[in-house]
Amino acid sequence: MWIGLLFSIICLSSCNLSLATASNKTTGTTTLSQTPYYVQKIIQCLLQGSYQKTPPHTIETLILYMNITYHHSPDTQLSIYIVLGIIVRLALRMGYHRDGSHFPRLSPYEVEMRRRKWAIISLWDRVTSVQVGLPSMIKASQCDTREPANLLDSDFHENVIAMPKERPEHEHTHMQFLVVKNRIMDVFGEICELTTRIQPSTYSEILALDELLSRTYESVPAILKSKPLHASITDPSNLIIRRIFLLLVFHKAQITLHRKYLLPGRTDARYAYSRQMCVTAAMEMLQWQDVVERECEVGGRFEGERWKISSVVRVEFLVATTVLCLDLDCEIKHASQNPHPDGKTSGNGTEAEKDVAGSGNRETYCPDKDEIIKALTTSYHIWQSSAQSSKEAKKAATVLRFLLSKAHGQPSMAHPLEPAIIASSSVGMAPFAIPDQFPTSNNTEQFQFQYPQISSRELLAQSLDQPVFNMDTWLPPDVPGSEGLGFYPDMSTDPYDMVCSSIPSMINVEYELTFR
């Protein structure tokens, strides 16, 4: 099995090197077809070594194999979740879920390395389950493995008799980032359990988890706290990216927790805080999307770290885009139904809505409509630039193009679309091309957009190549053996809300098992 581990190291290093030195940013990812030889040898070693019997180096080989598929795929793949299921069950069989201190025959070095490997597996279990919208496979109540120590690899060796004292929090190590992210993901796991359970949750439970999430992020060591890029001039790029990753996970957890109350919060004072949390979190995530995109350009600070921007990070930005699209669509619909309401409509909702949002003890500032449109316009260009290599980016760009066209009230909206155009999902359709800048005044005659005279809910459904969900079983269509099973994400009664509700709403699920 150690030969498979060697091939995994060579393959992963080769992929990362090609990504770090690639001159074409639009490709963004390296597919497994570019390293077929190494991948084939890895699989052969796993099979010939009888991985199911867990010989030495099995877990390490599988972890690196999954890393290859995980970080070099442009879109979400269900096959990754399936491979992870194999890793989790083999790790459970080998007792990784129990702390190594329970086994006297293990050396201090082996105990620490088991903790590190279990921390990686646990993190991937939570991240992947959230990404594909399926339950987590590891139950915290059955595990007692401690966190890895905040130590550098050079601080201990294979023959160490006793582990050295941990380094202080202000000294950053690779393990520190893993531990901190796991702590946030632990709370994220509780959020997913609450928001996807069969019994409806109460708003008091939502607020209790919100406070727990905030306290967890506040406890993050200062060296891993997010700060503006101009304040990180002397910090290495890998440290800055880790700060961004932690912030994105925190904001996505906020959105997942409060999303159910996003639209009710527009008119109900009890839920105004939830809407504020969703919109502000999504806005900040898209601001960082712009920063990451610019700094990944040739000559940018993240040019050499571009390979770390995997499908997982793109899903974070996709969630933020979806939330703002949902809120903007509601704003547009309200404005069209109430062209001259009693309360003046300006910025973000009616005066009545603003009064509701402003009543309460919590801070309830929300970005206005113009700010949301500006953020989504920037995001559209980013998704558009990746549309050729990513199906998720292509779908996001299509949805944004429809919604932003409607937001600017183009005079050609009265002209119906040709059926062939409606059926197409190409992001290069000329009639829908968005200019570099939208008009800043009400004079829209210079921008002739064709837009169908149908609701944005129908538009979103068409742009996502409906049917995305089978509304009878709440499952993706054409899944063998799916009859009668429940679908894991939030089960809303609104098909449009289902599409916008969770991570798997805009992903292209692939049902081919990569690991054979």
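Relevant structure appears above.
What comes next concerns the included structure. Nothing here was measured: the structure is a model prediction, and the numbers come from that model. (Residues numbered from 1 in each chain as written. Predicted model: local features only at pLDDT ≥ 70, side-chain atom pairs only at ≥ 80, totals over all residues. Heavy atoms only, no water.)

Attention now moves to the overall build of the protein. A count of helical and extended segments in the protein gives 16 helices and 0 strands. A buried classification covers 54% of the 516 residues belonging to the protein. Look at the contacts in the protein between residues 6 or more apart in sequence, and 73% of them connect residues 24 or more apart. (Helix = DSSP H or I, 4+ residues; strand = E, 2+ residues; numbered from the N terminus. Buried < 20%, exposed > 50% of the residue type's maximum accessible area, 1.4 Å probe, protein only. Contact = heavy atoms within 4.5 Å.)

Moving on: the nonpolar core. I121 and L376 are the most contacted members of the largest nonpolar core, which totals 117 residues. When residues in this core are grouped by element, the largest group, 13 residues, is from helix α8 (residues 237-258). Not counting the four nearest positions on each side in its chain, I121 is found in contact with I59, I63, L84, I87, V88, A91 and I138. (Core = buried A, V, L, I, M, F, W, Y, C linked by side-chain atoms within 4.5 Å.)

There is a patch of nonpolar side chains on the surface, built from W2, I3, L6 and I10 and spanning about 380 Å² of accessible area. As for its placement among the helices and strands, W2 is situated in helix α1 (residues 2-20). Residue W2 is classed as exposed on the basis of its relative accessible area, which comes to 54%. (Patch = residues over 30% accessible without salt bridge, like charges linked within 9 Å, V, L, I, M, F, W, Y side chains within 5 Å. Areas by Shrake-Rupley, 256 points an atom, 1.4 Å probe, with all protein chains shown as cover. Salt bridge = Lys/Arg side-chain N within 4 Å of Asp/Glu carboxyl O.)

Although it is not a glycine, T54 adopts a positive phi angle of roughly 50°. Secondary-structure assignment places T54 in the loop between α2 (36-48) and α3 (58-71). Backbone geometry at H57 places phi at a positive 75°, although glycine is not the residue there. Inspection of the secondary structure puts H57 in the loop between α2 and α3.

In this section: the pattern of salt bridges. For the structure shown, the criterion picks out 19 salt bridges. With a closest N to O distance of 2.8 Å, K117 and E60 form a salt bridge. Here E60 lies in helix α3 and K117 lies in helix α5 (residues 108-132), a separation of 57 residues in the sequence. The network of salt bridges with common partners includes R266, R275, D327 and E331.

What follows concerns the packing of aromatic side chains. Per the counting criterion, the structure on display carries 8 aromatic pairs. Measuring from ring centre to ring centre gives 6.0 Å for Y109 and F156, while their planes differ by 50°; the resulting arrangement is tilted. Of this pair, Y109 sits in helix α5 while F156 sits in the loop between α5 and α6 (174-196), and the two are 47 residues apart along the sequence. Under the relative-accessibility criterion, Y109 is labelled partly exposed at 25%. Judged by relative accessible area, which is 8%, F156 ranks as buried. Between the NZ or CZ atom of R114 and the centre of the ring of Y96, over which it lies, the distance is 4.4 Å. (Phe/Tyr/Trp six-rings, centres within 6.5 Å; stacked < 30°, edge-to-face > 60°. Lys NZ or Arg CZ within 6 Å of the ring centre and 35° of its normal.)

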